[in-house]
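# Working through the structure, step by step
The primary structure of each chain is shown beneath.
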Amino acid sequence: MLLAPMVVRTGMNPDVTSLIPEQDTAARHLELLTLEEAHDLLRLLQMIAAEGPDELSEEAQWFAREIAARIPSEN
């Protein structure tokens, strides 16, 4: 995979966040995105996915679907 998994601060999955060692608070913070950041990332992935049929656009499309399913829609 080209992109690392993420956790959004609203509705965090404790199983995912427990994978980060407790003593590494900097890594724990870096693993989290705000809802606004998640929407920005979703838009970026959708733009990459629309660029054409190649491995990167297919992976971006998959990640965009996964992120869209996990975050509330933007108003």
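## Some thoughts on the nonpolar core
- Within the largest apolar cluster, 8 residues are counted, these being A38, L42, L45, A60, F63, A64, I67 and I71.
- Sort the elements by how many residues they give to this core and helix α4 (residues 55-70) lands first, with 4 residues.

## Quick word on the confidence of the model for the protein chain
- Mean pLDDT over the protein chain works out to 77, with 60% of the residues at or above the 70 mark.
- Per-element confidence in the protein chain ranges from a low mean pLDDT of 46 for strand β1 (residues 7-8) to a high of 96 for helix α3 (residues 35-49).
- Taken together, the stretch residues 1-10 has pLDDT below 50 and engages in 30 contacts with residues farther than four places along the chain or on a different chain.

## Side note on a negative patch on the surface
- On the surface, E51, D54, E55 and E58 cluster together to form a negatively charged patch.
- Residue position: E58 is located in helix α4.
- Owing to a relative accessible area of 53%, E58 belongs among the exposed residues under this scheme.

## What about the pattern of salt bridges?
- Counted by the stated rule, this structure contains 3 salt bridges.
- Between R43 and E74 there is a salt bridge whose closest N-O contact spans 2.8 Å. You can see R43 sitting in helix α3 and its partner E74 sitting in the segment after α4, a full 31 residues away along the chain.
- The residue E66 makes a salt bridge to R70 at a minimum N-O spacing of 2.6 Å. Taken together, the residues E66 and R70, both in helix α4 and 4 residues apart, mark about one turn of the helix.
- For E66, a relative accessible area of 26% puts it in the partly exposed group.
- When its relative accessible area of 58% is taken as the criterion, R70 is described as exposed.
- Three or more residues are tied together by salt bridges with common partners; here these are D40, R43 and E74.

Analysis parameters
- Residues numbered from 1 in each chain as written.
- Predicted model: local features only at pLDDT ≥ 70, side-chain atom pairs only at ≥ 80, totals over all residues.
- Heavy atoms only, no water.
- Core = buried A, V, L, I, M, F, W, Y, C linked by side-chain atoms within 4.5 Å.
- Buried < 20%, exposed > 50% of the residue type's maximum accessible area, 1.4 Å probe, protein only.
- Helix = DSSP H or I, 4+ residues; strand = E, 2+ residues; numbered from the N terminus.
- pLDDT = per-residue confidence, 0-100.
- Contact = heavy atoms within 4.5 Å.
- Patch = residues over 30% accessible without salt bridge, like charges linked within 9 Å, V, L, I, M, F, W, Y side chains within 5 Å.
- Areas by Shrake-Rupley, 256 points an atom, 1.4 Å probe, with all protein chains shown as cover.
- Salt bridge = Lys/Arg side-chain N within 4 Å of Asp/Glu carboxyl O.
- Lys, Arg positive; Asp, Glu negative; His and termini not counted.
- Charge placed at Lys NZ, Arg CZ, Asp CG, Glu CD.

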